[in-house]
Amino acid sequence: MKIQALKNSTWMLAEQILRLISGVFVGIYIARHLGPESYGTLSYTLAIASIIIVISRLGMDAILVREISLRPESKETLTSTALALMAGAGLLSLCLTVAALQFSNETAELKSLITIISTSGVFTAFLAVDYQNQALLNAKLSSICKTAALASMSIYKLTLIALNAKIEAFVIASVLDHALLALFISIPFLKKNKIHPPSAKLAIKLLKNSIPMVVSALAIIVYMRTDQIMIKHFSSLHEVGIYSAAVKIYESWIIIPYTIAISLIPLLTRIRQEDKTLYYEKLSIVFRYLTWLSIIASTCIFLLSDQIISSTFGPEFLEAASLMKLLIWASVLSTIGAVTARHLSIEHLERKIASRALLGAMLNISANLIAIPAYGSTGAAISTLLTLFVTNYLIDILDPKLKLLARSKNNGIFFLPILEKPKN
């Protein structure tokens, strides 16, 4: 099992490293091609799309992986039910977005771009297939499909740059990212699996579990993306473009520890069932290695931030270097949060994920309302750091029901011994 889990993690990590390389380099070329203001417009529409995509996923990246890990014999019905639920959520999100745009004061161009990119949520339903592969420790197939889709779309986007395409073409390309992945990941699945009809009983159970996860994921994406939305309204799309360049580096790195944390769910779930003491020991090890990996990476990026921005995005985006020096430390707190969320999911504490995410959203929006008008995008970066510290670290220390989690977290990060063994 451990060897299979290691292979599973390796395939997922390899795919995400390729995604990181492609995302950074292609994203940088797109930013240089469009310039700060148009890149700010693209980033603004993508920020709105990310909220729609999170709703469409229904938290199944954690719930479906956990359920199939516990009941692999029901994988077909679980997967088809999750896919149907996610597709319905995607369609509903699209309809609500189009309706909301009718009452917004955005420009006609922005309304058009947001409508186009909102269709992405429908295609995310097919990620249910990917979640099944993760649960069965068979990430190789998904990784190959994702890499093929990624390579195809990277070439397509570079072609758009060579053709001097306008922003509309890149928004459509963002939708095609999801559509092509849905196609690639579905073909091998349909060849190897029988299609089972969705189960109404399972749908109710999955939805019941998903509500806290959707609320938490939505709150998380709100306080991850609300800064870009609020910068646009308090400042300008040019400032959004500068801020987004710094965020691009931060988000590209955080994919790696997040993927490792996700890939460990099946193994940690089984360990938790067999030996609670061993589980918390392994959890401390996960916290230790992933947190310090992020600390080392963040230190390197901090020291080289000016060179990184000037040599990648170009002199037009040099203002982003100072922002990146702040934002990159958010990756350490995000890494801690990624592992924490996996633990809470394994323990069926989705409500705690939701409550802390809601707290984070409210804290971040409140801090942004004060900091952005006063300090611009720098204020948004400070708000992000404050929010992540409270929601991913401080809240566990203050919650007596999470003392074992807090102890495992501190033991891993600060190399402290666990003084009290958990009771089986």
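Whatever comes next refers back to the structure up there.
Note that residues are indexed from 1 along each chain, following the sequence as it is written. Given that the model is predicted, a residue must reach a pLDDT of at least 70 before its local features are reported, and side-chain atom pairs must reach 80 or more before they are shown or counted; all residues, however, enter totals for whole chains, interfaces and linings. Note that the side-chain values use all heavy atoms of the structure and ignore hydrogens as well as water.

K.L.:
How would you explain the overall build of the protein if you had to name every residue and give the values?
P.N.:
Within the protein, the regular secondary structure consists of 18 helices and zero strands. Values of the radius of gyration come from C-alpha atoms, whereas the globule rule sets the reference at 2.2 Å times the count of residues to the power 0.38. The globule rule puts the C-alpha radius of gyration for 424 residues at 22 Å, and the 21 Å found for the protein is close to it. Each principal axis of the C-alpha atoms in the protein carries an extent, and together these give about 60 × 50 × 40 Å. Burial classes: relative accessible area under 20% of the type maximum marks a residue as buried, over 50% as exposed, and values in between as partly exposed (1.4 Å probe, protein chains only). Counting only residues that meet the buried cut, the protein has 56% of its 424 residues in that class. When checking whether two residues touch, look at their non-hydrogen atoms; a contact exists if any pair is within 4.5 Å. Sequence separation of 24 or more characterises 82% of the internal contacts of the protein that already satisfy a separation of 6 or more. Helix and strand definitions follow DSSP, with helices as H or I runs of at least four residues and strands as E runs of at least two, each counted in order from the N terminus.

K.L.:
Tell me what's going on with unusual backbone geometry, and back it up with residues and numbers.
P.N.:
Phi is positive for Leu-58, which is not a glycine, with a value near 55°. Looking at the secondary structure, you find Leu-58 in the loop between helix 1 (2-57) and helix 2 (60-70). Here Leu-58 falls in the buried class, since its relative accessible area comes to 9%. Of note, the phi angle at Phe-415 is positive, near 60°, even though the residue is not glycine. When you line up the elements, Phe-415 lands in the segment after helix 18 (403-414).

K.L.:
Hey, could you go over a nonpolar patch on the surface for me, with residue numbers and the actual values?
P.N.:
A contiguous nonpolar surface patch, about 410 Å² in accessible area, is contributed by Ile-21, Phe-25, Tyr-29 and Leu-158. Top element by residues in the nonpolar patch is helix 1. It accounts for three residues. Along the chain, Leu-158 turns up in helix 7 (residues 139-162). Classification of Leu-158 as partly exposed rests on a relative accessible area of 39%. For patch detection, residues must exceed 30% relative accessible area and be free of salt bridges, and they are connected within 9 Å for like charges or within 5 Å for nonpolar side chains (Val, Leu, Ile, Met, Phe, Trp, Tyr). Method for areas: the Shrake-Rupley scheme with a 1.4 Å probe, in which residue coverage is limited to the protein chains shown. Salt bridges are defined by distance alone: a side-chain nitrogen of Lys or Arg within 4 Å of a carboxyl oxygen of Asp or Glu.

K.L.:
Give a detailed account of the packing of helix 15 (residues 330-346) against helix 17 (residues 377-398), specifying residues and quantitative values.
P.N.:
Axis definition: a line fitted to C-alpha atoms, over the contacting stretch in the case of helices. Angles run 0 to 180 degrees between N-to-C directions. Close contact between helix 15 and helix 17 brings their axes to 9 Å; oriented N to C, the two are set at 35°. At the point where helix 15 passes helix 17, the crossing takes the left-handed sense. Here helix 15 contributes Ala-330, Leu-333, Ser-334, Ile-336, Gly-337 and Thr-340 to the contact with helix 17, which in turn contributes Thr-384, Leu-385, Leu-388, Phe-389, Asn-392 and Asp-396. The nonpolar class holds Ala, Val, Leu, Ile, Met, Phe, Trp, Tyr, Cys and Pro. Asp, Glu, Lys and Arg form the charged class, and all remaining residues, Gly among them, are polar. Among the residues forming the contact of helix 15 with helix 17, the class breakdown is six nonpolar, five polar and one charged. Left-handed is the label given to a crossing in which the near helix is rotated counterclockwise from the far helix by less than a right angle, and right-handed is the label when the rotation is clockwise.

K.L.:
Pulling in residues and values, what's your account of the environment of Arg-66?
P.N.:
With respect to the helices, strands and loops of the structure, Arg-66 is situated in helix 2. Given the relative accessible area of 1%, Arg-66 is considered buried. Placed 276 residues apart in sequence, Arg-66 and Arg-342 show a C-alpha to C-alpha distance of 9.9 Å. Among residues more than four places away in sequence, those in contact with Arg-66 are Asn-209, Ser-345, His-348 and Glu-350. Polar side-chain contacts of Arg-66 include one of 3.5 Å to the side chain of His-348. Nitrogen and oxygen atoms within 3.5 Å of one another constitute a polar contact, given that in protein one can donate a hydrogen and the other can accept it, and given that sequence-neighbouring residues count only through two side-chain atoms.

K.L.:
So what about the packing of helix 10 (residues 237-263) against helix 17? Which residues, and what values?
P.N.:
At a minimum axis distance of 10 Å, the contact between helix 10 and helix 17 shows a crossing angle of 35°. Considering only the axes of helix 10 and helix 17, their crossing is right-handed. Each of Glu-239, Tyr-243 and Tyr-250 in helix 10 lies in contact with helix 17, whose residues at this interface are Ser-377, Ala-380, Ala-381, Thr-384 and Leu-388. Its residues assigned to classes, the contact of helix 10 with helix 17 shows five nonpolar, two polar and one charged.

K.L.:
Can you explain the pattern of salt bridges? Please cite residues and give values.
P.N.:
Taken as a whole, this structure holds 10 salt bridges when the rule is applied. Put simply, Arg-66 and Glu-67 hold a salt bridge, and the shortest N to O gap is 3.1 Å. Each of the two residues, Arg-66 as well as Glu-67, counts as buried. With a closest N to O distance of 2.6 Å, Asp-130 and Lys-146 form a salt bridge. In this pair, Asp-130 is assigned in helix 6 (residues 127-135) and Lys-146 in helix 7, connecting sequence segments 16 residues apart.

K.L.:
Which residues make up helix 17, and what values go with them?
P.N.:
Helix span, expected: 1.5 Å multiplied by one less than the number of residues in the helix. For helix 17, which comprises 22 residues, the first-to-last C-alpha distance of 30 Å matches the rise-based estimate of 32 Å (1.5 Å per residue) to within 8%. The seven residues ending at a residue and the seven starting there each receive a fitted axis; the angle between those axes is the bend at that residue. Of all the bends found along helix 17, the most pronounced is centred on Val-390 and spans about 40°.

K.L.:
Tell me about the environment of Leu-359, and please be specific about residues and values.
P.N.:
Tracing the sequence through the fold places Leu-359 in helix 16 (residues 350-375). Owing to a relative accessible area of 34%, Leu-359 belongs among the partly exposed residues under this scheme. Sequence-wise, Leu-359 and Thr-387 are 28 residues apart; in three dimensions their C-alpha atoms are separated by 8.7 Å. Setting aside its immediate chain neighbours within four residues, Leu-359 contacts Val-390 and Ile-395.

K.L.:
Run through the nonpolar core, naming residues and quoting values.
P.N.:
What makes a nonpolar core is a set of buried Ala, Val, Leu, Ile, Met, Phe, Trp, Tyr and Cys residues whose side-chain atoms join them at distances within 4.5 Å. With 94 residues, the main nonpolar core has Met-60 and Phe-313 as its most contacted residues. In terms of residue count, the dominant contributor to this core is helix 10 (12 residues). Counting nine residues, the second-largest nonpolar core is a separate cluster that includes Ile-48, Leu-101, Ile-229 and Leu-237.

K.L.:
Would you mind going over helix 4 (residues 108-117) in detail, with residue names and values included?
P.N.:
Every buried residue of helix 4 is listed here: Leu-110, Leu-113, Ile-114 and Ile-117. Down the axis of helix 4, the sector holding all buried residues measures 100°, keeping them to one side. The arc refers to the directions leading from the helix axis to the C-beta atoms.

K.L.:
Break down the packing of aromatic side chains for me, citing the residues and quoting the values.
P.N.:
Working definition: a ring pair exists when centres of Phe, Tyr or Trp rings (six-membered ring for Trp) sit within 6.5 Å. Plane angles under 30 degrees give stacked, over 60 give edge-to-face, the rest tilted. One pass over the structure, following the stated rule, counts six aromatic pairs. Between Trp-292 and Phe-415, the ring centres sit 6.4 Å apart and the planes meet at 45°, which makes this aromatic pair tilted. Here the residue Trp-292 occupies a position in helix 12 (residues 276-303), and Phe-415 occupies one in the segment after helix 18, the gap between them amounting to 123 residues. Here Trp-292 falls in the partly exposed class, since its relative accessible area comes to 35%. A ring pair is formed by Phe-302 and Trp-329, whose centres lie 5.9 Å apart and whose planes are at 50°; its orientation type is tilted. Of the two residues, Phe-302 is situated in helix 12 and Trp-329 in the loop between helix 14 (320-327) and helix 15; the sequence distance between them amounts to 27 residues. In textbook terms, an aromatic cluster arises when at least three aromatic residues are bridged by ring pairs, as seen for Tyr-39, Phe-313 and Phe-317. The side chain of Lys-232 reaches across the aromatic face of Tyr-44, ending 5.2 Å from its centre. Charge-over-ring placement is defined geometrically: NZ (Lys) or CZ (Arg) within 6 Å of the ring centre, and within 35 degrees of the ring normal.

The quantities given are spatial measurements derived from coordinates; they are silent on function.
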